[in-house]
Amino acid sequence: MARVGRLGGAILAETQGAYYLIGNTKAPCDFRAAGFEPPDEVDLVKGSYVRLKPLPDAGEIEVAPPVLLLDVEGEELAKKLVHRFVIDRNGSVSERLWRLVYSHDDPLDDAETPVERDARWLGGIPEPIWQLVRDNVLRCL
């Protein structure tokens, strides 16, 4: 099961022992402190994804909560996350789309938001359906 969280405003995905950074970072990010070799600046501004290289002495790298759990694996996960969350015009992750997927199912429920959210449905939803949702969410003010 892939684990998907945030790092510097971008998305950090762990899948089958590989780590991907999806979207542009929105804040300065200390990649070494997070356990990764800093990626080239050119790779970061593509607005897509880049595979991160763990530092040799990093030990176990943890995707910090909040975390989405998906059953899509490998580079396919990174590509799917770009299509699900990254805004084309600026290469950043949409906070609205992230909140839509991660937030409470029932806004009237006072229970705490869980640290991990099962989001396997996100990997299986057909692209045309998600595109309708995405367009409407990004259009809202």
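Here, every reference points to the structure presented above.
What comes next concerns the included structure. Treat the numbers as computed from the prediction; the structure is a model and nothing was measured. Each chain carries its own residue numbering, running from 1 in the written order of its sequence. Only residues with pLDDT of at least 70 get local features here, since the model is predicted, and only at 80 or more are side-chain atom pairs given and counted; chain-wide, interface and lining totals rely on the full set of residues. Hydrogens are left out, water is left out, and the side-chain values use all remaining heavy atoms of the structure.

Moving on, we come to the nonpolar core. Soluble, globular proteins show a tendency: their nonpolar side chains are buried together. Residues belong to a common nonpolar core when they are buried Ala, Val, Leu, Ile, Met, Phe, Trp, Tyr or Cys residues joined through side-chain atoms within 4.5 Å. Each residue's exposure class comes from its accessible area (1.4 Å probe, protein chains only) as a fraction of the maximum for that residue type: buried when under 20%, exposed when over 50%, partly exposed otherwise. Of all hydrophobic cores here, the largest spans 26 residues; its most connected members are Val4, Ile11, Ile22, Leu68, Leu77, Leu81 and Phe85. By the criteria applied, helices consist of DSSP H or I runs no shorter than four residues and strands consist of E runs no shorter than two, each listed in order from the N terminus. Those elements that provide at least two residues to this core are β1 (2–7), β2 (10–15), β3 (18–22), β5 (67–70), α3 (75–85), α4 (95–102) and α6 (127–139). Take this core: its biggest share by element is 5 residues, from α3. If we skip the residues at most four places from it in the chain, valine 4 touches Ile11, Leu12, Ala13, Val63, Pro66, Val67, Leu68, Leu70, Leu77, Leu81 and Trp98. Of all hydrophobic cores here, the second largest spans 13 residues; its members include Leu12, Phe31, Leu52 and Val67. Here, residues are in contact when the closest pair of their heavy atoms is within 4.5 Å.

Attention shifts here to α4. Three or more residues of α4 are buried, namely Leu97, Trp98, Val101 and Tyr102. The arc that holds every buried residue of α4, seen down its axis, measures 120°, which confines them to one face. A distance of 3.3 Å separates the backbone nitrogen of arginine 96 from a side-chain oxygen at the start of α4, and that oxygen is part of serine 94. The directions from the helix axis to the C-beta atoms form the arc being described. Pairs of N or O atoms are called polar contacts if they sit within 3.5 Å, as long as, within protein, a hydrogen donor faces a hydrogen acceptor (for residues adjacent in sequence, only side-chain-to-side-chain pairs).

Here the focus is α6. In a regular helix each residue adds 1.5 Å, so 13 residues correspond to 18 Å; α6 covers 18 Å between its end C-alpha atoms and thus fits that length. Looking at the buried residues of α6, the elements they touch are α3, α4 and α5 (120–124). Any helix carries an expected span of 1.5 Å times its number of residues minus one.

Another aspect to go through is unusual backbone geometry. The omega angle of the peptide bond from proline 65 to proline 66 is 5°, so this bond is cis rather than trans. Here proline 66 is to be found in the loop between β4 (49–52) and β5. Of note in the backbone geometry, glutamine 16 takes a positive phi value of approximately 50° without being a glycine. Looking at where glutamine 16 falls in the secondary structure, it is placed in the loop between β2 and β3.

When a carboxyl oxygen of Asp or Glu lies within 4 Å of a side-chain nitrogen of Lys or Arg, that pair is called a salt bridge. Applying the stated criterion to the full structure yields 5 salt bridges. The residue arginine 6 makes a salt bridge to glutamate 95 at a minimum N-O spacing of 2.7 Å. In this pair, arginine 6 sits in strand β1 while glutamate 95 sits in helix α4, placing the two residues 89 residues apart along the sequence. Notably, a salt bridge pairs aspartate 118 with arginine 120, separated by 2.5 Å at the nearest N-O pair. Of the residues examined, aspartate 118 reaches a relative accessible area of 39% and is grouped as partly exposed. With relative accessibility at 39%, the residue arginine 120 sits in the partly exposed group.

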